[in-house]
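Reading the structure
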Amino acid sequence: MASGVRLPLVRMAVPARPRRIPAWVLALPPVAALGVVFLHPLALVLWQSVSPDGGGHSFSAYGEVFAQAAFRDALRNTVLIAAGATAGSLLLGFALALVIAFVPLPGGKAIGRFIDVFLSFPSFLITLALLFVYGTAGIANGLWTGATGAAAGPFDFLHTPWGVLLAEITYFTPFVMRPLLGAFAQIDPAQLDVAASLGARAPRIVRQVILPEALPSLAAGGSLVLVMCLNEFGIVLFTGAKGVTTLPVLVYGKAILDGDYTGACVVAVVNIALSLALYGLYRTLTHRMDGARRART
């Protein structure tokens, strides 16, 4: 080949880089769906709460609702019942989860599966079951009157705040048990064996070994139950408790029975704000608990 002849250079074809879709484009469809399904109705509720029937826009409806004794009673009932039901669900759920997870019972796995099924039950179904058992004409009163010949049975508490509390604890306890059972399954049995071999009794093992591991699950389950109790409507309605009006029931009464849609929206906004405040408190507590747990480890 002659030295003066130059061969043409062959350029390698460089594959074109695929264009990356911006992140905001991918986030747009779910954000739009969330806005249509949730944010838009919420914005309408907020707008209606500052739009009195007389026209214009003001916060006068808030002052009128806050001045009503029915609203103050409903707010107090909502907070007290939610706090009591949450505390009862935590105590009962923790005790039942301990038994199912660490006590060798026949059918323990079947009970755990039943808890998963129980979570799908509607709340009014549990209330109806309690009415069949403890109602005025329920099974318990029927057995009592049949055995003693009395005109009426002794069980007449379902139409009181105690009946609402019992129904909510019965329904929401599995919501505490489910995360606890998952946390208990992660505990190494060797830790329990070592603690027992060192002479620790069952209460001390629960307090020093099991409870620290269960605290995040207890916080998660308790916060979920608390928020759900604040917004519970079916249990209070189906028990027919006299004088027990919660914020969701008050919203129903103002909107459907009284036709006061502005007042109903004001109560709904208060209920939403209360739920968000408790959720923020839960996030703060869990963040601090996680930080303390990482510091210990």
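The structure reproduced in this document is the subject of the present report. In this convention, every chain numbers its residues from 1, walking through the sequence in written order. Local features are withheld for residues below a pLDDT of 70 in this predicted model, meaning they are given only at 70 or higher, and side-chain atom pairs are given and counted only at 80 or more; totals for whole chains, interfaces and linings count all residues. Only hydrogens and water are set aside; all other atoms, that is, all heavy atoms of the structure, feed into the side-chain values.

Before going further, it helps to examine the packing of helix H8 (residues 189-197) against helix H9 (residues 202-230). Angles run from 0 to 180 degrees between N-to-C directions of axes, and those axes are lines fitted to C-alpha atoms, restricted for helices to the stretch in contact. Helix and strand definitions here come from DSSP, where helices need a minimum of 4 consecutive H or I residues and strands a minimum of 2 consecutive E residues; each element is numbered from the N-terminal end. Put simply, H8 and H9 touch, their axes get as near as 11 Å, and they point 145° apart. Crossing geometry of H8 relative to H9 is assigned as right-handed. The residues of H9 that touch H8, namely those facing Gln191, Leu192, Ala195 and Ala196, are Ile205, Val209 and Ile210. Its residues placed into classes, the contact of H8 with H9 shows six nonpolar, one polar and no charged. Each crossing gets its hand from how the near helix is turned against the far one by less than a right angle, where anticlockwise is left-handed and clockwise is right-handed. Here, two residues are considered to be in contact whenever any of their heavy atoms come within 4.5 Å of each other. Under the scheme applied, nonpolar residues are Ala, Val, Leu, Ile, Met, Phe, Trp, Tyr, Cys and Pro; charged residues are Asp, Glu, Lys and Arg; polar residues are all the others, including Gly.

We now examine the layout of surface pockets. For the largest pocket, the calculated volume is near 290 Å³. Residues are called lining when one of their atoms sits within 4 Å of a cavity or pocket point, these points coming from a 1 Å grid over the protein atoms alone, where a cavity is a set in which a 1.4 Å probe fits but cannot get out and a pocket is an open set with protein on both sides within 12 Å along at least five of seven lines. Ile100, Ala101, Phe102, Phe184 and Ala185 are, among the 16 residues lining the largest pocket, the residues nearest its centre. Those elements giving two or more residues to the lining of the largest pocket turn out to be helix H3 (69-102), helix H4 (108-118), helix H7 (161-185) and H8. For the lining of the largest pocket, the leading source of residues is H7, giving four residues. For the lining of the largest pocket, a count of residues per class yields twelve nonpolar, two polar and two charged. Grid points are joined across faces, edges and corners, and a volume is the space filled by probe spheres set on the points.

Attention shifts here to the environment of leucine 130. Structurally, leucine 130 is set in helix H5 (residues 123-134). In this structure, the C-alpha to C-alpha distance between leucine 130 and threonine 78, residues 52 residues apart in sequence, is 21 Å. Setting aside residues no more than four positions away along its own chain, leucine 130 makes contact with Gly135, Leu158, Leu166, Ala167 and Thr170.

Applying the stated criterion to the full structure yields one cavity of 30 Å³ or more. Considering the residues around the largest cavity, the lining is formed by Thr78, Ile81, Glu168, Cys229, Leu230, Glu232, Val236, Thr246 and Pro248. Of all the secondary structure elements, the ones that give two or more residues to the lining of the largest cavity are H3 and H9. Residue composition of the lining of the largest cavity, by class: five nonpolar, two polar and two charged.

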